[in-house]
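# Commentary on secondary and tertiary structure
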Amino acid sequence: MNIEKLIDKSVATLKITGRVDTTTAPEFEAAIDGCTEGLKELVLDCKALEYISSAGLRVILKAQKLMNTQGSMKLVNVNDTIMEVFDITGFADILTIE
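Residues numbered from 1 in each chain as written. Predicted model: local features only at pLDDT ≥ 70, side-chain atom pairs only at ≥ 80, totals over all residues. Heavy atoms only, no water.

### Re the sheet that holds strand β4 (residues 72–76)
The mixed open sheet is built from four strands, whose spatial order is β1-β2-β3-β4. Of all strands in the sheet, those with a lone pairing partner are β1 (2–8) and β4, marking the two edges. In this sheet, neighbouring strand axes are inclined to one another by 15° on average, regardless of whether the strands run parallel or antiparallel. Bridge analysis of strand β2 (residues 11–20) against strand β3 (residues 41–52) gives nine bridges, and the strand direction is parallel. Directly across from T13, in β3, lies its bridge partner V43. Running over the sheet, helix α1 (residues 25–33) touches β1, β2 and β3 and is turned about 175° from β2. (Pairing = 2+ DSSP bridges. Helix = DSSP H or I, 4+ residues; strand = E, 2+ residues; numbered from the N terminus. Axes fitted to C-alpha atoms, helices over the stretch in contact; angles between N-to-C directions. Contact = heavy atoms within 4.5 Å.)

### Overview of the pairing of β2
Note that β1 and β2 share seven bridges and pair antiparallel. Pairing of I3 across the sheet is with I16, part of β2. Here β1 folds back onto β2, and the loop between the two strands holds two residues, one of which, K9, carries a positive phi near 60°. The β-α-β motif built from β2, the intervening α1 and the parallel element β3 has right-handed crossover chirality. (Right-handed = clockwise from strand over helix to strand, strands pointing away.)

### Regarding the packing of α1 against helix α2 (residues 54–70)
Between two packed helices, what matters for the description is the angle formed by their axes and the separation of those axes. Orientation of α1 relative to α2, taken along the N-to-C sense of each, is 15°, at an axis distance of 9 Å. Here α1 is positioned roughly parallel relative to α2, judged by the angle of their axes. In this structure, the crossing between α1 and α2 has a hand that is right-handed. Contact residues: α1 offers A25, F28, E29, I32 and D33, while α2 offers A55, G56, R58, V59, I60, K62 and A63. Looking at the contact of α1 with α2 residue by residue, the classes come out as seven nonpolar, one polar and four charged. (Parallel < 35°, antiparallel > 145°, perpendicular 65-115°, else oblique. Left-handed = near helix turned anticlockwise from the far one by under 90°. Nonpolar A, V, L, I, M, F, W, Y, C, P; charged D, E, K, R; others polar.)

This is a description of form; function is not addressed.
So this is what it looks like as structure tokens:
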């Protein structure tokens, strides 16, 4: 997994490449935690995300709960494979996906 951070004032975009699984979820969580202070919007760009496990879903849920208290979060460029995971787990109903 690789994460590219782009921060512009109070908006952070994280471009996620590869797999978010049990091994990489802690790194994913640290990347999010490291940029959320003072944020109004968090954007997760999933264009190159190939796989997400339940550990990755937990990190996204935690980020969503945090951003609900200080702004908003959205996921963009979600491919069909990842969207299927969000649909099956019900995450598609609670996340903003564009």
